[in-house]
Amino acid sequence: MPSQPNEIDQRIWQVVALIPRGKVATYGDVAAQAGLPGAARRVGRALKGLPTDTRIPWHRVVNAAGRISLPGGAGRQRERLEAEGVEFHDSGRINLKRFRHRPSGADHH
DNA sequence: GCGGTGACTCTCG
DNA sequence: CCGAGAGCCACCG
């Protein structure tokens, strides 16, 4: 099997698990929260290693442009997000100003 | 050890 | 707004 989950992956998953329903976070955000600033790609790899039946809300992680990066599964991820109330712009872009999850920052809006 | 690759991101034009 | 280029880190053959 492909690389067993290490402590780093566990921490990344934990951060993702804390993203509230109806909100999203970028790969960079998750990396920073997990104590790995600049390791966005590491996050993508960690999510790829999640089991199919996981309860981790992996679909709440999108790229910095507010778009879905998941290859071949964009439709599935988008459906899940829309089911939670996350709205998509024209060609599948999310308004991060509105739906981005800020862990340590109070709403200023 | 090297080069290719990817669920990334930023800068430039 | 979009694409190209570069920086990035870890995995793989």
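Residues numbered from 1 in each chain as written. Chains lettered and ligands numbered in written order. Predicted model: local features only at pLDDT ≥ 70, side-chain atom pairs only at ≥ 80, totals over all residues. Heavy atoms only, no water.

A.B. asks: So what exactly am I meant to see when it comes to helix α3 (residues 40–48) here?
C.D. replies: For an α-helix, the turn length of 3.6 residues means that residues three or four places apart are oriented alike. Taken together, the buried positions of α3 are Val 43, Ala 46 and Leu 47. In an axial view of α3, the angular spread of the buried residues amounts to 95 degrees, which keeps them on one side of the axis. Exposed side chains of α3 directed beyond 90 degrees from the buried face belong to Arg 41 and Lys 48. (Buried < 20%, exposed > 50% of the residue type's maximum accessible area, 1.4 Å probe, protein only. Helix = DSSP H or I, 4+ residues; strand = E, 2+ residues; numbered from the N terminus. Arc of directions from axis to C-beta.)

A.B. asks: I'm lost on the protein's contact with DNA strand C in this one. Help?
C.D. replies: Taken together, Arg 41, Arg 42, Arg 45, Arg 67 and Arg 93 form the complete shell of residues around DNA strand C. When atoms of DNA strand C within 4 Å of the protein are sorted by moiety, sugar and phosphate together comprise 64%. In this structure, Arg 41 approaches DNA strand C through a side-chain N or O atom, which is 3.4 Å from a base oxygen. In the model, a phosphate oxygen of DNA strand C is placed 3.2 Å from a nitrogen or oxygen of the Arg 93 side chain. Residue composition of the surface near DNA strand C, by class: no nonpolar, no polar and 5 charged. (Near = heavy atom within 4 Å. Polar contact = N/O pair within 3.5 Å; in protein donor to acceptor, adjacent residues only side chain to side chain. Nonpolar A, V, L, I, M, F, W, Y, C, P; charged D, E, K, R; others polar.)

A.B. asks: Where do I start with the protein's contact with DNA strand B in this structure?
C.D. replies: Surveying the vicinity of DNA strand B reveals 14 residues, the closest of which are Gly 28, Arg 41, Asn 63, Ala 64 and Ser 69. A share of 46% of the atoms of DNA strand B within 4 Å of the protein falls on sugar and phosphate groups. Contact between DNA strand B and Ser 69: a phosphate oxygen at 2.9 Å from a side-chain N or O atom of the residue. At the level of secondary structure, the elements contributing two or more residues to the surface near DNA strand B comprise α2 (27–33) and α3. Looking at which element gives the most residues to the surface near DNA strand B, the answer is α3, with 5 residues. In terms of residue class, the surface near DNA strand B is built from 7 nonpolar, 5 polar and 2 charged.

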